[in-house]
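Structure assessment
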Number of protein chains: 2
Amino acid sequence: MARIRQAVTIKHVAADAGVSLQTVSRVINKEPNVRPQMQERVQASIDKLGYVPSLAAQRMSGSRSYLILALNDRERTIAEWRARQGSDWVDQMLLGGMLKCAEFGYRMMFELVDTHNDHVERELTAAITALQPDGVILTPPHSDNMLIVNLLEKHNIPFARIGSAGSNAGIALTMGDEKAGEDSTRHLIELGHKRIGFISGPGEYVLSGWRQSGWERAMQDAGLPTDGLLAAGDFSFESGLAATEKLLGLQDRPTAIVASNDHMAMACLQVAKGLGLTVPDDLSIISFDNTPIAALADPPLSAVDQPVAETTSQAVELIISAKNGNAVPEGLINVPAGFVDRASTAPPPSA
Amino acid sequence: MARIRQAVTIKHVAADAGVSLQTVSRVINKEPNVRPQMQERVQASIDKLGYVPSLAAQRMSGSRSYLILALNDRERTIAEWRARQGSDWVDQMLLGGMLKCAEFGYRMMFELVDTHNDHVERELTAAITALQPDGVILTPPHSDNMLIVNLLEKHNIPFARIGSAGSNAGIALTMGDEKAGEDSTRHLIELGHKRIGFISGPGEYVLSGWRQSGWERAMQDAGLPTDGLLAAGDFSFESGLAATEKLLGLQDRPTAIVASNDHMAMACLQVAKGLGLTVPDDLSIISFDNTPIAALADPPLSAVDQPVAETTSQAVELIISAKNGNAVPEGLINVPAGFVDRASTAPPPSA
DNA sequence: GTGAAAGCGCTAACAC
DNA sequence: GTGTTAGCGCTTTCAC
């Protein structure tokens with residue numbers, strides 16, 4: 001295989017424009033201290049020759065790689081890809097992240113990293129050393145993995161933590177979980193529901209706690225009891241089955257259930273149907289995340305829409321801004337969740 | 001922002017092991033001509049220091065970037081991401097491509113490129129120049145875009161063309177479209193169907209023709225007529241609606257329909273229901289691709305499973321093999337499609 | 001405001 | 001088998 005050498009390099013441009021390499025470099029990087037006339041002349045040569053700087057070379061000498069690394073949990077991501085249940089978390093990250101990166105001449109790369117693994121540190125260090133990204137985006141549950149956070153801090157790489165309260169380092173972004181939990185529960189309360197069950201997510205994800213808090217707050221504010229109405233899930237369909245069975249097996253069973261993700265809501269739907277209950281007439285269901293299955297369920301599920309694309313987009317923008325020397329925003333960035341009202345909610349049967 | 005310099009470089013390793021840079025380089029690249037004892041000593045230093053070579057530096061001096069670029073159609077991909085209908089084409093590519101890349105120490109990058117655009121050439125050249133990938137994976141409809149193919153050939157970059165017969169350049173891979181069209185039609189014939197409609201995809205995709213040919217062949221082989229049973233679609237839901245209306249509006253309407261993708265099959269289902277037809281009792285439907293919506297439809301659709309992950313995986317492997325100087329396989333690589341029998345097919349009503 | 005020189009981390013080519 | 005030299009394409013540093 002022939003050695004690939006760049007067809008047109010900064011040298012060619014410099015020669016063509018009759019200036020030094022340095023001046024071309026300044027034009028490429030939009031640095032000041034270049035006379036407009038000079039800059040125009042150089043730009044003309046760049047356009048004429050179709051010159052595009054080599055990322056590798058820029059990375060070699062300069063301080064930027066124009067690369068942002070998005071880290072996802074290996075096991076869970078691969079499992080979701082294999083399951084083919086339509087989870088579009090990665091797609092939404094790509095949508096928000098790639099497009100925003102492109103605006104700034106950056107690229108986004110994906111990397112899968114194990115959480116439950118002593119190799120985390122080695123794996124991540126390897127990726128960082130090989131790629132030398134200008135920034136890293138952490139997704140749950142990595143966002144709160146202190147091993148990862150500390151490593152990134154040590155390497156002095158700007159990073160965003162999606163779905164984390166992350167008080168210490170990095171840019172923390174949340175997706176309105178608590179408020180969404182509260183609002184969706186309130187929506188049910190307004191429909192007349194008094195017994196509203198909640199299926200929680202795994203403790204490993206901080207956002208599980210937030211979603212639950214929202215539900216608790218709304219119930220409390222309305223003077224409604226939550227005793228026995230909380231069932232623990234772990235985001236899996238199976239856990240949703242068990243949780244729903246527990247909830248619907250109650251003496252005084254709930255007339256509505258909020259599930260912490262779509263899979264568990266689907267399980268909820270299945271159990272309800274199995275019990276001969278009609279959704280939403282006998283049981284209202286609200287799910288979290290709004291991955292495609294929510295819309296495709298029968299009936300289509302009303303769901304909290306997790307703003308993954310928008311959040312990733314903001315994460316990219318903040319990282320690049322930090323890389324440009326701007327201050328990292330203080331405190332938490334909150335990207336509010338949406339709510340898509342479909343056909344799985346109605347007033348309670350007795351109302 | 002501090003200048004990021006590599007913490008531990010090849011120099012450190014060389015110093016630690018007391019050998020020359022070149023020897024370390026040889027060990028990294030698993031070149032022969034290194035005494036086992038030497039190689040062990042160097043490897044020990046590498047492990048001890050946690051050395052990982054910089055991709056950028058490898059790219060700069062060597063002939064490889066360890067990067068494979070996957071190209072997708074910008075407009076269509078973004079539209080699918082936005083629509084959130086669960087299309088997992090990108091996820092499956094990532095699944096097959098990233099994992100295979102990782103086996104060889106490569107990375108996969110995604111790039112969106114416009115097809116219907118005079119900028120294709122400029123856009124792609126820019127990406128190639130900036131990234132200098134070791135290989136490129138083309139997906140439909142890019143796989144048959146001669147502008148792209150010629151460009152890649154000119155740059156001497158190994159590339160794979162997924163879903164293309166691509167006689168001239170690059171590694172062509174198909175996903176068993178014709179046989180799948182034939183087999184699924186035959187499946188319906190065996191169930192007793194005699195009037196089987198077919199909704200085609202857009203001509204822009206060569207695989208549309210293959211799928212259709214498969215249907216035609218099966219019908220022909222069985223001595224069944226196809227006149228009037230072909231309706232043109234373009235992969236969109238709307239086109240599926242129109243095509244199905246045409247087909248079901250026929251005097252002697254089909255008792256089964258094969259749709260060239262899932263969206264059109266969903267449209268088919270909707271039209272059938274609107275007409276008061278029960279699927280599969282009154283109408284059997286088989287769809288192509290088997291994206292998540294097929295499984296989530298009501299009834300779940302029997303579908304041809306497009307082996308995207310496996311095909312991408314093979315594409316990566318062949319590209320790396322080509323890059324290593326091995327001959328590119330002659331002719332077409334065919335990765336057979338699967339078939340998932342769900343609940344949308346049954347014997348025809350009169351049978 | 002512009003240019004010249006040095007060097008980033010690594011590999012190719014060649015010497016020994 | 002192993003070391004040395006040169007250089008990839010760019011930015012940094014420092015002159016002017």
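Just so we're clear, the structure is a prediction, and the values are computed from it rather than from any experiment.

Residue and element names in this part refer to chain A. Overall, parallel pairing links the six strands, which are arranged 2-1-3-4-5-11 in an open sheet. A strand with exactly one partner marks an edge of an open sheet, and here the two such strands are strand 2 (107-113) and strand 11 (333-334). Where strand 1 (residues 67-73) and strand 3 (residues 135-138) come together, four bridges link them in parallel fashion. What sits directly across from Leu71, in strand 3, is Leu138. Here helix 8 (residues 146-154) sits on the sheet in contact with strand 3 and strand 4 (159-162), set at roughly 160° to strand 4.

Taken together, the contacts link 57 residues of chain A with 60 residues of chain B. Between chain A and chain B, roughly 5200 Å² of surface is buried when both sides are summed, and carbon and sulfur atoms account for 60% of that area. At the surface where chain A touches chain B, the tally comes to six salt bridges. Residue Arg84 of chain A is joined to Asp88 of chain B by a salt bridge in which the shortest nitrogen-to-oxygen separation is 2.9 Å. In this structure, the connection of chain A to chain B is made through 14 residue pairs in polar contact (both at pLDDT 80 or more). Of all the secondary structure elements, the ones that give two or more residues to the side of chain A that touches chain B are helix 4 (55-61), helix 5 (74-83), helix 6 (89-103), strand 2, helix 7 (120-131), helix 13 (292-296) and helix 14 (308-323) of chain A. Sorting elements by how many residues they give to the side of chain A that touches chain B places helix 6 of chain A first, with seven residues. Partitioning the side of chain A that touches chain B into residue classes produces 29 nonpolar, 15 polar and 13 charged.

All names here are of chain B. In strand 4 (residues 159-162), alternate side chains face the same way, and those of Phe159 and Arg161 on one face and Ala160 and Ile162 on the other are all buried. In this fold, the crossover linking strand 3 (residues 135-138) to strand 4 by way of helix 8 (residues 146-154) has right-handed handedness. As judged from the three bridges shared by strand 4 and strand 5 (residues 171-174), these two strands associate in the parallel manner. When the sheet's bridge partners are listed, Ala160 is paired in strand 5 with Ile171.

Moving on, we get to the UniProt feature "domain: HTH lacI-type" (unreviewed entry) in chain A. When the UniProt feature table is mapped onto this chain numbering, "domain: HTH lacI-type" (unreviewed entry) sits at residues 8-62 of chain A. Along residues 8-62 of chain A one finds 67% helix and 0% strand; the C-alpha atoms at either end are 19 Å apart.

With that settled, consider the domain arrangement of chain A. All names here are of chain A. Here chain A is partitioned into domain 1 (1-40 + 49-63), domain 2 (67-175 + 307-338) and domain 3 (177-304). Relative to domain 3, the C-alpha centre of domain 2 lies at a distance of 28 Å. Counting from both sides, the interface comprises 16 residues of domain 2 and, opposite them, 15 residues of domain 3. A buried area of about 1200 Å², summed over both sides, lies between domain 2 and domain 3, and 58% of it is on carbon and sulfur atoms. Along the contact surface separating domain 2 from domain 3 lie two residue pairs in polar contact (both at pLDDT 80 or more). In terms of residue class, the side of domain 2 that touches domain 3 is made up of five nonpolar, eight polar and three charged.

For DNA strand D, the set of nearby residues contains 28 residues, the closest of which are Ile10, Gln22, Ser25 and Tyr51 of chain A together with Thr23 of chain B. Taking the atoms of DNA strand D that fall within 4 Å of the protein, sugar and phosphate contribute 66% of them. Measuring from a phosphate oxygen of DNA strand D, one finds a side-chain N or O atom of Gln58 of chain A at 3.3 Å. Looking at the surface near DNA strand D element by element, the count peaks at four residues for helix 4 of chain A. Looking at the surface near DNA strand D residue by residue, the class counts come to nine nonpolar, 15 polar and four charged.

Analysis parameters
Residues numbered from 1 in each chain as written. Chains lettered and ligands numbered in written order. Predicted model: local features only at pLDDT ≥ 70, side-chain atom pairs only at ≥ 80, totals over all residues. Heavy atoms only, no water. Pairing = 2+ DSSP bridges. Helix = DSSP H or I, 4+ residues; strand = E, 2+ residues; numbered from the N terminus. Contact = heavy atoms within 4.5 Å. Axes fitted to C-alpha atoms, helices over the stretch in contact; angles between N-to-C directions. Buried area = accessible area lost by both parts, 1.4 Å probe. Salt bridge = Lys/Arg side-chain N within 4 Å of Asp/Glu carboxyl O. Polar contact = N/O pair within 3.5 Å; in protein donor to acceptor, adjacent residues only side chain to side chain. Nonpolar A, V, L, I, M, F, W, Y, C, P; charged D, E, K, R; others polar. Buried < 20%, exposed > 50% of the residue type's maximum accessible area, 1.4 Å probe, protein only. Right-handed = clockwise from strand over helix to strand, strands pointing away. UniProt positions renumbered as here; feature names shortened; annotations may be inferred. Domains from an automatic or database assignment. Near = heavy atom within 4 Å.

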